[in-house]
Amino acid sequence: MHTNRRNWLKQLGLGVAAIGVAPLETLAAPVPGLFRDGMPGGPIRLRSNENPYGPSPMAKTAIANVANITNRYNWELPSELITTLAQKYRINNDNILLAAGSTELLDLTARFAALQEGSFLMANPTYDYWTVVAERLGLKKIAVPVMANKQYDLPAMLNAIRSDTRLIYLCNPNNPTGAICNRDALVKFIQEATQKTLVLVDEAYIDFTDQPSLCDLAIENKNLVVVKTFSKIYGLAGARVGYALAHADTIVQLSQLQSWPNGAISVISTAAALASLKDTTFVNDTRTLIEKAKKYTTSQFERLKIPYIPSSSNFLYFSLANYKKDFFAQLKSNNILGTRIYEEQGRWSRITVGTMQEMERFINAID
Ligand SMILES: Cc1ncc(COP(=O)(O)O)c(C=O)c1O
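Not measured: the values here are computed from a predicted model. (Residues numbered from 1 in each chain as written. Predicted model: local features only at pLDDT ≥ 70, side-chain atom pairs only at ≥ 80, totals over all residues. Heavy atoms only, no water.)

### Points about the overall build of the protein
Which entries qualify depends on this criterion: Only DSSP runs of H or I covering at least 4 residues are called helices, and only runs of E covering at least 2 are called strands; the numbering of each starts at the N terminus. Contact between two residues is taken to exist if any of their heavy atoms lie within 4.5 Å; hydrogens are not considered. Areas reported here follow the Shrake-Rupley algorithm with a probe of radius 1.4 Å; residue values treat only the protein chains shown as occluding.
Assigned secondary structure in the protein consists of 13 helices and 13 strands. Long-range pairs, those at least 24 residues apart, make up 74% of the contacts in the protein with a sequence separation of at least 6. As displayed, the protein offers around 16700 Å² of accessible surface, 50% of which is attributable to carbon and sulfur atoms.

Listed below in structure tokens is the structure:
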């Protein structure tokens, strides 16, 4: 890094780690007049797997510090973020592509796959927002049901690959089930599947686990793209920062579908992401607090005889098959935003793990 650049980053509060950190539990505070989370009359958001403690204190400071330079385009900071990420994963800068949230990268990969006619393959249920784009571009959706324990049926997925399969999507841990696929099984699947088609692994929630990223494989294999986000453990969902890790050639292919490669994220978002990467205390505290609230919620599910899937993430997947009341009416009358039924059979739904206080309100609402 040039000295000037270093000084400049220091001035912005991005080159130093020494910023006072408030206890995390006090950070899940409401934002008056905005989303009104936790405010009297405001909803409790347990719908989108957001981090109730974010953004990190260091990210907030960085955001304030760069406010003055938002009159300029974001020329400098993206390469700073790419270099920092490359160091984190011990890969090269050309293995990384930035975008406005991982959603943009899922869309980009779908658009890349759709350059050829054909189909795409995914599990059911899984995270499927991006599939609207894929289908709109003419790719046919093929979905393979997860098994009874909600694990991926990888042999069935391999069998379902057709000569016109252009893309396979795997989310690990999976949303909405929270189930994690062990690395060995995944690696074996990827080795076989990428001989035939492009595989996209979505690691939005992997930071809630101890499983390492598949980025080491991705940088070697032109048919593998790993997508990650700052929206979850880093608590920056509204800032919109995501990135893809892949072989340098694949990154070029994807970036050619961005009018301004790496340019979709704002100065403010990039600064927030850079600062978040430094705030390991925030990440560790988030993990601890989410685990604690998750444990409380699962113990209450057991008491209420609500079956659930052990979760490797910040949400829980549970069955309402034996639940006697109207679950969604209970949530509504308690001003809690939940999700929907993902699988009719077993009436499986999902709830985000919020703060302990939010989970107590959730349990009181459904008890
Ligand atoms: C599995 C998965 N991938 C991607 C996303 C999108 O995240 P981003 O905010 O980075 O666009 C989500 C959001 O909930 C998600 O659950």
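This is not the end of the story, as more comes after the structure.
### Here's the deal with the nonpolar core
In plain terms, the rule: To define a nonpolar core, start from buried Ala, Val, Leu, Ile, Met, Phe, Trp, Tyr and Cys residues and group those joined through side-chain atoms within 4.5 Å. Only protein chains enter the area calculation, which uses a 1.4 Å probe; residues under 20% of their type maximum are buried, those over 50% are exposed, and those in between are partly exposed. Here the bounds of each domain stem from an automatic or database domain assignment.
One finds Leu81, Phe230 and Phe362 to be the most contacted residues of the largest nonpolar core, which totals 111 residues. In terms of domain composition, this core takes at least three residues from each of domain 1 (77-278) and domain 2 (282-366). Apart from the residues lying within four places of it in its own chain, the contact partners of leucine 81 are Leu98, Phe230, Val241, Ile265, Thr270, Ala273, Leu274 and Leu277. Counting residues in each nonpolar core, the second largest holds five residues, with Ala179, Ile309, Tyr317 and Tyr342 among its members.

### Some words on the site of the ligand
Here is the rule we go by: What makes a residue near a molecule or strand is one non-hydrogen atom of that residue sitting within 4 Å of it. Two N or O atoms count as a polar contact when they lie within 3.5 Å, although within protein this holds only if one can serve as hydrogen donor and the other as acceptor, and sequence-adjacent residues are included solely when both atoms are side-chain atoms. Here a cavity denotes a set of grid points, spaced 1 Å apart and computed over the protein atoms alone, in which a 1.4 Å probe fits but from which it cannot get out, and a pocket denotes an open set meeting protein on both sides within 12 Å along at least five of seven lines; residues with an atom within 4 Å of a point are reported as lining. Pocket or cavity membership: a molecule qualifies when more than half of its atoms sit within 2 Å of the grid points of that site. For this scheme, ten residues count as nonpolar: Ala, Val, Leu, Ile, Met, Phe, Trp, Tyr, Cys and Pro. Four count as charged, namely Asp, Glu, Lys and Arg, and the remainder, Gly too, count as polar.
Taken together, the neighbourhood of the ligand is formed by 14 residues, with Thr103, Asp202, Tyr205, Thr229 and Ser231 sitting nearest. Contact distances for the ligand include 2.6 Å between an oxygen atom and a side-chain N or O atom of tyrosine 205. Interatomic distance of 2.6 Å between a side-chain N/O atom of serine 231 and an oxygen atom of the ligand. Across the complex, the protein chains shield 93% of the 400 Å² of accessible surface that the ligand would expose by itself. Because more than half of its atoms lie within 2 Å of the grid, the ligand is assigned to the second largest pocket. Of all the secondary structure elements, the ones that give two or more residues to the shell around the ligand are helix H4 (102-113) and strand E5 (165-171). Tallied by class, the residues present in the shell around the ligand amount to five nonpolar, six polar and three charged.

### Some points on the environment of proline 261
Inspection of the secondary structure puts proline 261 in the loop between helix H9 (248-255) and helix H10 (267-278). A sequence separation of 183 residues divides proline 261 from proline 78, and the C-alpha atoms of the two residues are 9.9 Å apart.

### Looking at the side chain of threonine 165
Relative to the assigned elements, threonine 165 resides in strand E5. Here arginine 162 takes part through its backbone nitrogen, which lies 2.7 Å from a polar atom of the side chain of threonine 165.

### A closer look at unusual backbone geometry
With an omega of 0 degrees, the peptide bond between asparagine 124 and proline 125 qualifies as cis. Structurally, proline 125 can be placed in the loop between strand E3 (119-124) and helix H5 (131-136). Cis peptide bonds are those with omega within 30 degrees of zero, and the linkage from asparagine 175 to proline 176 qualifies with 20 degrees. In this structure, proline 176 sits in the loop between E5 and helix H7 (183-193). Backbone geometry places lysine 150, a non-glycine residue, at a positive phi of 70 degrees. Locating lysine 150 in the fold gives a position in the loop between strand E4 (140-145) and helix H6 (154-160). A positive phi is found at lysine 305, a non-glycine position, where the angle reads about 60 degrees. Residue classification places lysine 305 among the exposed positions, given a relative accessible area of 66%.

### Describing the packing of aromatic side chains
The condition is simple: Two aromatic rings, drawn from Phe, Tyr or Trp (for Trp, its six-membered ring), form a pair once their centres lie within 6.5 Å of each other, and the interplanar angle then sorts them: stacked below 30 degrees, edge-to-face above 60, tilted otherwise.
Tallied over the full model, the rule gives 19 aromatic pairs. Taking 5.3 Å as the distance between ring centres and 55 degrees as the angle between the ring planes, the aromatic pair formed by phenylalanine 120 and tryptophan 130 counts as tilted. With phenylalanine 120 in strand E3 and tryptophan 130 in the loop between E3 and H5, this pair connects stretches of sequence that are ten residues apart. In terms of burial, phenylalanine 120 and tryptophan 130 fall into one category: buried. Consider the rings of tyrosine 205 and phenylalanine 315, whose centres lie 4.9 Å apart with planes at 80 degrees: the pair is edge-to-face. Within this pair, whereas tyrosine 205 is found in the loop between strand E6 (198-202) and helix H8 (215-218), its partner phenylalanine 315 is found in strand E10 (residues 315-319), the two being separated by 110 residues in sequence. We note that tyrosine 205, like phenylalanine 315, is buried. Aromatic rings pair up to connect Phe301, Tyr308, Phe318, Tyr323, Phe327, Phe328 and Phe362 into one cluster.

### Topic: the pairing of E3
Convention followed: We treat two strands as partners when DSSP finds at least two bridges between them. A right-handed crossover is one whose linking path, passing over the helix from the first strand to the second, runs clockwise when the strands point away from the viewer.
Burial within E3 is extensive, with five of its six residues counted as buried. Relative to E4, E3 is paired through six bridges, and the arrangement is parallel. If you follow serine 119 over to E4, its bridge partner there is lysine 140. This β-α-β element, E3 to H5 to E4, shows right-handed connectivity. Inspection of the sheet shows E3 paired to E5 by three bridges, in the parallel sense. If you follow serine 119 over to E5, its bridge partner there is threonine 165.

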